[in-house]
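Summary of structural features
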Amino acid sequence: MKLDEIDKKLLSLLQSDCKMTTAAYAKQLHLSTTAVYERIKRLEKNGVVASYVALIDKKKVDKAFTVLCHIKLIQHIKENVLKFEQEVLQLDEVVECYHISGDYDYILKIHVRDMQAYRDFMVTKLTAISNIGSTQSSFAINEVKHTTAVPI
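Along each chain, numbering runs from 1 in the same order as the chain's sequence is written. Where local features are concerned, this predicted model is filtered to residues with pLDDT of at least 70; where side-chain atom pairs are given and counted, the filter is 80 or more; whole-chain, interface and lining totals use all residues. Neither water nor hydrogens contribute to the side-chain values; these are computed over all heavy atoms in the structure.

**Considering the nonpolar core**
Grouped together as the largest cluster of nonpolar side chains are 21 residues, with contacts concentrated most on Ile71, Phe84, Leu108, Ile110, Tyr118 and Leu126. Helix and strand definitions here come from DSSP, where helices need a minimum of 4 consecutive H or I residues and strands a minimum of 2 consecutive E residues; each element is numbered from the N-terminal end. Put simply, the parts of the chain that give this core at least two residues each are strand 1 (65-73), helix 4 (78-88), strand 3 (106-112) and helix 5 (115-124). When residues in this core are grouped by element, the largest group, five residues, is from strand 1. Whether two residues are in contact is decided by their heavy atoms, any of which lying within 4.5 Å being enough. Residues in contact with Ile110, not counting those within four places in the same chain, are Phe65, Thr66, Val67, Cys69, Glu93, Val94, Tyr118 and Phe121. With 11 residues, the next largest nonpolar core counts Leu13, Leu29, Leu43 and Val49 among its residues. To form a nonpolar core, buried Ala, Val, Leu, Ile, Met, Phe, Trp, Tyr and Cys residues must be joined to one another through side-chain atoms within 4.5 Å. Exposure classes here rest on a 1.4 Å probe applied to the protein chains alone. A residue is buried below 20% of its type maximum, exposed above 50%, and partly exposed in between.

What follows is the structure in structure tokens.
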């Protein structure tokens, strides 16, 4: 799908506040409400807008301890890679998982209450996954920048 400048502006508006009315978007884009509505529906239909979510303050739900955990697998055969990925999908504490290049195979972003909760997670859940050779964890000291917006 080819995005024009109005689509890009609309996507930026949706990423900053997806709860505005179609009329409010239309006013900012200098378009009719119908035109904006049709653009939003087209963006949704084509999968450009994948979903709408509420962003939760991690501190208010007692999950402000952020860990980046690097994982090395013992073997890199397809079966083990797929099994690891399927098992990670079941871990609620893991909010992001990337298969990466370099010294490690995966990097996980994990949100838990505190260090004890992370230890419990490691001992009872993460290391229970077979085929993990080693892990290396880094703990966030301060969140300098966090955004869910994709630059357009």
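**Brief notes about the pairing of strand 3**
Strand 3 sits mainly inside the fold: seven of its seven residues count as buried. Burial along strand 3 is two-sided: Tyr106, Leu108, Ile110 and Val112 and Ile107, Lys109 and His111, pointing in opposite directions, are all buried. Relative to strand 3, strand 1 runs antiparallel, the two sharing seven bridges. Its bridge partner lying in strand 3, Cys69 is registered against Leu108. When DSSP finds at least two bridges between two strands, those strands are taken to pair.

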